[in-house]
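Close look at the chain arrangement
So you can see what is in the structure, the chains are spelled out below.
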Amino acid sequence: MSYRLRPATAADAQEMFETQVGAFGVEEGTLRWGASRSYCFERTEQHVVMVDESDRVVGLLHIHDHPIQVGTCFVRKADVGHVGIRPELQGLGVGTQMMRETVAWLGEQGYHLSRLGGLVHFYSRFGYEPFPRRFVQIDLQSVRGGGRHIPGTELYSDPGEWPGQVRAYDESRDYAERARLRWEFDHGRSGALVVARECDAPTHPAPPDTEALCWVYEREGQVLGFLHAVESPLESTERETVFTISEMVYADAFPDAAGALVRMLLSRICDRGQVRVTSRLPWDEAVAEALQLAGVAHSRLEMFQAVASNMILVIDLASTLEAISPELNRRVADSLVADWSGAVELSFPMRGKCRIDDPTQVTAGDALPGEACQLVIAGGEVTVDAGPGPVDLQIELTQAQFVKALFGIAALTELPCMRGMRLSPTERGVLDALFPRTKTGSGPWG
Ligand SMILES: CC(C)(COP(=O)(O)OP(=O)(O)OC[C@H]1O[C@@H](n2cnc3c(N)ncnc32)[C@H](O)[C@@H]1OP(=O)(O)O)[C@@H](O)C(=O)NCCC(=O)NCCS
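Per chain, the residues get numbers from 1 upward, laid out in the order the sequence is written. Only residues with pLDDT of at least 70 get local features here, since the model is predicted, and only at 80 or more are side-chain atom pairs given and counted; chain-wide, interface and lining totals rely on the full set of residues.

1. Some details on the site of the ligand
Each residue gets a C-beta atom placed from its backbone. If that atom is within 6 Å of a molecule or strand, the residue is near it. The ligand sits among 16 residues. The nearest are Gln90, Gly95, Thr96, Gly118 and Phe122. Think of it this way: any DSSP run of H or I at least four residues long counts as a helix, any run of E at least two long counts as a strand, and we number them from the N terminus. At the level of secondary structure, the elements contributing two or more residues to the shell around the ligand comprise helix H1 (13-24), strand S4 (73-85), helix H3 (94-108), strand S5 (113-119) and helix H4 (120-123).

Written out as structure tokens, the structure is:
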């Protein structure tokens, strides 16, 4: 039997659903069953499917198209999920063929990066490498200070006194202000999704719901912050109830907006037993200070998974650099090394992270070939050149290291690949101008 990959069509929905629930052993009537159904029937065209010779679906995966900002530019990331093969066909190489063809297809579709979560052992053979994930969490547990013990219910039951008021979100009245706040909060933030300055008026605006965990913060008639949180039944356990802040944005100059909104949320959920709030709030010093000032103890959790992990793939280094070249130009032009000229080569010797003690883990599994690319800087302009040529600085790095530098999670010069390099102050200045540590979002990359 031979198999081929193709984009899904509406006629595939039922077979996709059968394949999905079969592959993952999803029980009928559960939350996951409902979620699988809605993905297969309502987002059919966001999938690619593996079909057999009679065009029957035997495997599928879902792709979210995520445009992610790099300063003023953006790169396209394919977020791959729900990878599944019919149970009776598992272990026969169909999933390997499907993933390999998917990676080639993503390249043809113009994606720059791809992300997924799963077993490193399996996905590294297609070039994916482990990549960190970041969360900001609030544990509503008791606090102990010396001999004093303050229960979470006491700490957070009072939402506090603020210069402004928190009120229920009223979509018809607030949608445009929410979009404006989102734009101001995230525009230009590397690693965050592209944000639109304008948004269309909702056709059926939801009326204000005083039960919903969805509020705005207002001062003198001006909306300065927005928060939306939901209970996450799939994450909750018998011991713990988990809430997710799905969106929080506020005006920079008004940290009281962040404090008031989060304290309102905590006051509403602190009596629900063992409660944890998780979020993809950015690791931003301003956010951390705003929460701390509001008396909200929180932690930043960075996960470096290894066996089952968040993973990243740079599908095409040259086109990724092309996509961000206007931003690189701007960075160099605004730097102290704007008059430097020369070439910087970035290269991946191979794609796919292999364990130091067992490199065959990847090479045996057809990891993608390496790639090298030059950034040629002359007359204050940065151009991308994929061909060979003389270089002044040659940097070998892993895809994960590159993506950290791309999104400003770490400066390029901080990364382990730079440790052994002797850089002149000017060369260091050039690399710091090109790939600095910046204000970065989290969520879209892990
Ligand atoms: C994971 C899955 C897509 C792989 O497809 P497949 O056709 O069975 O895989 P292949 O026969 O091509 O390759 C088998 C490899 O998959 C690996 N594998 C098994 N279960 C896996 C899993 N849950 N996630 C990732 N890899 C897995 C095996 O370790 C095996 O590796 P090996 O070749 O070194 O022995 C398929 O087994 C499946 O649908 N599993 C159930 C759903 C699932 O767990 N999906 C992954 C979500 S991340």
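2. Some remarks on the nonpolar core
Any nonpolar core is a set of buried residues, restricted to Ala, Val, Leu, Ile, Met, Phe, Trp, Tyr and Cys, that join up through C-beta atoms within 7 Å. Each residue is classified by how many other C-beta atoms fall within 10 Å of its C-beta atom, where C-beta atoms are placed from the backbone; a count of 20 or more means buried, 12 or fewer means exposed, and values in between mean partly exposed. Residues Met16, Leu113, Ile312, Val314, Val403 and Leu434 are the most contacted members of the largest nonpolar core, which totals 69 residues. Element by element, the count of residues in this core is highest for strand S3 (residues 57-70), at seven residues. These domain limits were set by an automatic method or by a database of domain assignments. There are two domains that each give this core at least three residues, and those are domain 1 (4-111) and domain 3 (314-434). Two residues qualify as being in contact provided that their C-beta atoms, derived from the backbone, are within 7 Å of each other. Leave out the neighbours within four places in its chain, and methionine 16 touches Ala8, Cys40, Thr44, His47, Val49, Val57 and Leu60.

3. A closer look at the sheet that holds strand S20 (residues 393-396)
Here the rule is simple: two strands pair whenever DSSP picks up at least two bridges between them. The mixed open sheet is built from four strands, whose spatial order is S19-S18-S17-S20. The sheet is open, and its two borders are formed by strand S19 (381-385) and S20, each paired with just one other strand. Taken pair by pair, the neighbouring strands of this sheet meet at an average axis angle of 20 degrees, ignoring direction. Both strand S17 (residues 342-350) and strand S18 (residues 369-378) contribute to a ladder of eight bridges, which runs antiparallel. Interaxial angle, 0 to 180 degrees, is taken between N-to-C directions of lines fitted to C-alpha atoms, where a helix line uses only the stretch in contact.

4. Here we look at the pairing of S4
The buried fraction of S4 amounts to 10 of the 13 residues, a majority that puts the element mostly inside the structure. Between S3 and S4, which follow one another and run antiparallel, lie two residues, and glycine 71 among them has a positive phi close to 55 degrees. Both S4 and S5 contribute to a ladder of three bridges, which runs parallel. Across the sheet, the residue bridging to lysine 77 is leucine 113, located in S5.

5. A word on the environment of aspartate 256
When you line up the elements, aspartate 256 lands in helix H7 (residues 255-269). Between the alpha carbons of aspartate 256 and leucine 293 there is a distance of 8.5 Å; along the sequence they are 37 residues apart. Apart from the residues lying within four places of it in its own chain, the contact partners of aspartate 256 are Trp162, Pro163 and Gly164.

6. What to know about the domain arrangement of the protein chain
On domain assignment, one finds that the protein chain holds domain 1 (4-111), domain 2 (135-303) and domain 3 (314-434). Relative placement of domain 1 and domain 2: their C-alpha centres are 33 Å apart. Contacts between the two partners involve nine residues from domain 1, matched on the other side by nine residues from domain 2. If one sorts the elements of the side of domain 1 that touches domain 2 by residue count, S3 sits on top with five residues. Think of it as three bins: nonpolar holds Ala, Val, Leu, Ile, Met, Phe, Trp, Tyr, Cys and Pro, charged holds Asp, Glu, Lys and Arg, and polar takes everything else, Gly as well. Considering only residue class, the side of domain 1 that touches domain 2 consists of five nonpolar, four polar and no charged.

7. Focus on unusual backbone geometry
In this structure, histidine 82 takes a positive phi of about 55 degrees despite not being glycine. With respect to the element layout, histidine 82 can be found in strand S4. Its 20 C-beta neighbours within 10 Å are what place histidine 82 among the buried residues. Positioned with a positive phi, glutamate 220 is a non-glycine residue whose angle comes to about 50 degrees. Relative to the helices and strands, glutamate 220 is located in the loop between strand S11 (214-219) and strand S12 (222-231).

8. Looking at the pairing of strand S7 (residues 133-139)
Covered by surrounding structure in S7 are Arg134, Val136 and Ile138 only, the residues Arg133, Phe135, Gln137 and Asp139 on the alternate face being uncovered. For S7 and strand S14 (residues 275-279), the ladder comprises four bridges, and the chain directions are antiparallel. Within S14, the residue paired with valine 136 across the bridge is serine 279.

9. Observations regarding the sheet that holds strand S15 (residues 299-303)
Two strands in a sheet stick together by hydrogen bonds in their backbones, pointing the same way (parallel) or opposite ways (antiparallel). A sheet is described by the order of its strands in space; here seven strands give the open sequence S10-S11-S12-S13-S14-S7-S15, paired in mixed fashion. The open sheet has two edge strands with one neighbour each: strand S10 (165-168) and S15. Across the sheet, the mean angle from the axis of one strand to that of its neighbour is 30 degrees, orientation sign disregarded. Pairing analysis gives four bridges linking S10 to S11, with the strands arranged antiparallel. Each bridged residue has a counterpart across the sheet, and for arginine 167 the counterpart in S11 is valine 216. Sitting on the sheet, H7 touches S10, S11, S12, strand S13 (241-250) and S14, and the angle it makes with S12 is about 30 degrees.

10. Examining the packing of H1 against helix H2 (residues 31-42)
It is the contact of H1 with H2, at a shortest axis distance of 9 Å, that shows an interaxial angle of 145 degrees. Every pair of crossing elements has a handedness; the one defined by H1 and H2 is right-handed. Here Ala13, Met16, Phe17, Gln20 and Val21 of H1 come into contact with H2, specifically with Trp33, Ser36, Arg37, Cys40 and Phe41. Here the residues of the contact of H1 with H2 are counted per class, giving seven nonpolar, two polar and one charged. Rotating anticlockwise by less than a right angle from the far helix to the near helix defines a left-handed crossing, while the corresponding clockwise rotation defines a right-handed one.

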